[in-house]
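Fold and contact review
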Amino acid sequence: MQQIVTHTDFDGVVSGALLSIATEIRFIRFISHSQIWREPLSGTEVIADLPCPWTCQLWFDHHETNLKEMKQRGVKTEEIPGRFQLLDSCAHVIYDHYHEQIEFPDHFKEMIPQTDQIDSMNYQSVDEWLKETPVKMIASTTQLLKDEDYKSFLKYLLKLTKQLTKSSPIEIIQSDVFTNRYESFKNYKEYSLELLRKNHFFHPDDKNKAIALIDLSEFKTSPRMDKNFIYMIEPDADAVLLINSAFQNNVKTNTLKFSFGVNFTRSEKFNKVNAAKIFEELDIGGGHPKAAGGSIECESKKDKLKIKDYIIKEIIKRWNQQLKTEEKVIS
Ligand SMILES: [Mn+2]
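Here is a short report on the structure shown in this document. Here, residues in each chain are numbered from 1, in the same order as that chain's written sequence. Two thresholds apply to this predicted model, a pLDDT of at least 70 for residue-level local features and 80 or more for giving and counting side-chain atom pairs, whereas whole-chain, interface and lining totals are computed over all residues. For the side-chain quantities, the full set of heavy atoms in the structure was used; hydrogens and water were omitted.

1. Focus: the sheet that holds strand E3 (residues 46–48)
Pairing between strands is defined by DSSP: at least two bridges between the two strands are required. Counting from the N terminus, the helices are DSSP H or I runs at least four residues long and the strands are E runs at least two residues long. An order of E2-E1-E3-E4-E5 is seen for the 5 strands of this open sheet, with the pairing classed as parallel. Bordering the open sheet on either side are strand E2 (28–31) and strand E5 (82–84), each of which pairs with just one other strand. Ignoring strand direction, the axes of neighbouring strands in this sheet form an average angle of 20°. The angle between two axes is taken between their N-to-C directions and runs from 0 to 180 degrees, where each axis is a line fitted to C-alpha atoms and a helix contributes only its stretch in contact.

Put into structure tokens, the structure is as follows:
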């Protein structure tokens, strides 16, 4: 059976809805970026907003790191049908690819610029980010919420994707399924803020308090929260670095996970910095210029503490280096 394989986020939802209309494939699967390498794929999938592991029927993406990684592995990306373009959302890439042949429902035209804004976190202020619009309200529900099991999350994403193929965002936010979930999101937001207030700090090396650190790696369970709410508490921080332990079957492992986000409300100031480069240089991950991350397997608990401090210091150092280089270029 043919299937669409798309990313577990809002861009993945919109991409999935557009592709389902364009290809008439009804079977949609949501997969996270790290999961795709472990999935048994036949090579006949339509893949969106994710790297294509080896081959597929159609591939749409906008992540530069994915393209680079695929080329490095010898995947002949130019021979895979579909489209890669450095736009702010994969939904935009798909919309541009098909909109001349396919008549998408009207609401998508309005949704594409907003999906661009959401997927690239392109906001001038925290207030602009938090301002409720139907599309943004829907987007805020497309993350794994606190205490939610993964299966019901995927079920919700799928339901939303199917809804979007027919209904507009304004119609969707009036549905019961949505209102309940939006309530859960608001609780999740409150919980995130509380957790951030208690657990954020700055490293002694970081004299300018540039990078707000949230270290949850010693937690017995992995608390789910959105690190971007840190800017409601530390609006002047340049960036946020979230550190978690990886869990396997609910057991904490010695793998450290790092997730770095540049302060999206000041992104113009950081035009030249590239967070993905920091993680690529450290050889632990990649991502976007403004949002990147990585993971590293440690041998023991002791090793984990050492490596954690080393990575934090390297990120602070490399962040400062990038800022300096930028200043030189400007002056
Ligand atoms: Mn995307």
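From this point, the discussion proceeds with the structure in view.
2. Quick word on the pattern of salt bridges
Salt bridges, as used here, are contacts in which a Lys or Arg side-chain nitrogen is within 4 Å of a carboxyl oxygen on Asp or Glu. For the coordinates displayed, the defined rule picks out 15 salt bridges. For Lys313, the salt bridge goes to Asp309, with nearest N and O atoms at 3.1 Å. Of this pair, Lys313 and Asp309 both sit in helix H12 (residues 301–330), 4 residues apart, which is roughly one turn of that helix. You can call Asp309 partly exposed: its relative accessible area is 30%. Only protein chains enter the accessibility calculation, which uses a 1.4 Å probe; a residue whose area is less than 20% of its type maximum is buried, one above 50% is exposed, and one in between is partly exposed.

3. What to know about the coordination of the manganese ion
A donor here means any N, O or S atom no more than 2.8 Å from the metal (3.2 Å for Na, K and Ca); water is not included, so a site may seem to lack partners. Taken together, the protein donors to the manganese ion comprise Asp11 (OD), Asp49 (OD), His62 (NE2) and Asp119 (OD), at separations of 2.2 to 2.4 Å. When the donor residues of the manganese ion are listed from N- to C-terminus, their spacing reads D-x37-D-x12-H-x56-D. Of this pair, Asp11 sits in helix H1 (residues 10–23) while His62 sits in the loop between strand E4 (58–61) and helix H2 (64–72), and the two are 51 residues apart along the sequence. Each member of the pair, Asp11 together with His62, is buried.

4. Some details on the side chain of Thr77
Take Thr77: it is sitting in the loop between H2 and E5. A residue is classified by how much of its surface remains accessible, and Thr77, at 7% relative accessible area, is buried. Any two residues whose heavy atoms approach within 4.5 Å at even a single point are treated as in contact. Ignoring any residue separated from it by four or fewer positions in sequence, one finds Thr77 in contact with Trp59, Leu67, Met70 and Lys71.

5. As for the packing of aromatic side chains
What counts as a ring pair is set by centres within 6.5 Å for rings of Phe, Tyr and Trp (its six-membered ring), and what kind of pair is set by the plane angle: stacked under 30 degrees, edge-to-face over 60, tilted for all other angles. Considering all chains together, one arrives at 14 aromatic pairs under this definition. Seen in terms of ring centroids, Trp129 and Phe229 are 5.3 Å apart; in terms of plane orientation they differ by 40°. Their pairing is tilted. A residue pair is termed long-range when its members are at least 10 positions apart, and Trp129 in helix H5 (residues 126–130) and Phe229 in the loop between strand E7 (211–215) and helix H10 (230–233) qualify at 100 residues. Judged by relative accessible area, Trp129 falls into the buried class, the value being 12%. By way of ring pairs, the aromatic residues Tyr123, Trp129, Phe229, Tyr231 and Phe264 are connected into one cluster. A ring is scored as having a charge over it whenever the NZ atom of a lysine or the CZ atom of an arginine sits within 6 Å of its centre and within 35 degrees of its normal. Stacked on the ring of Tyr191, the Lys or Arg Lys146 has its end atom at 4.5 Å from the ring centre. The lysine or arginine in question, Arg181, covers the ring of Tyr156, its NZ or CZ lying 4.2 Å from the ring centre.

Structural measurements only, silent on function.
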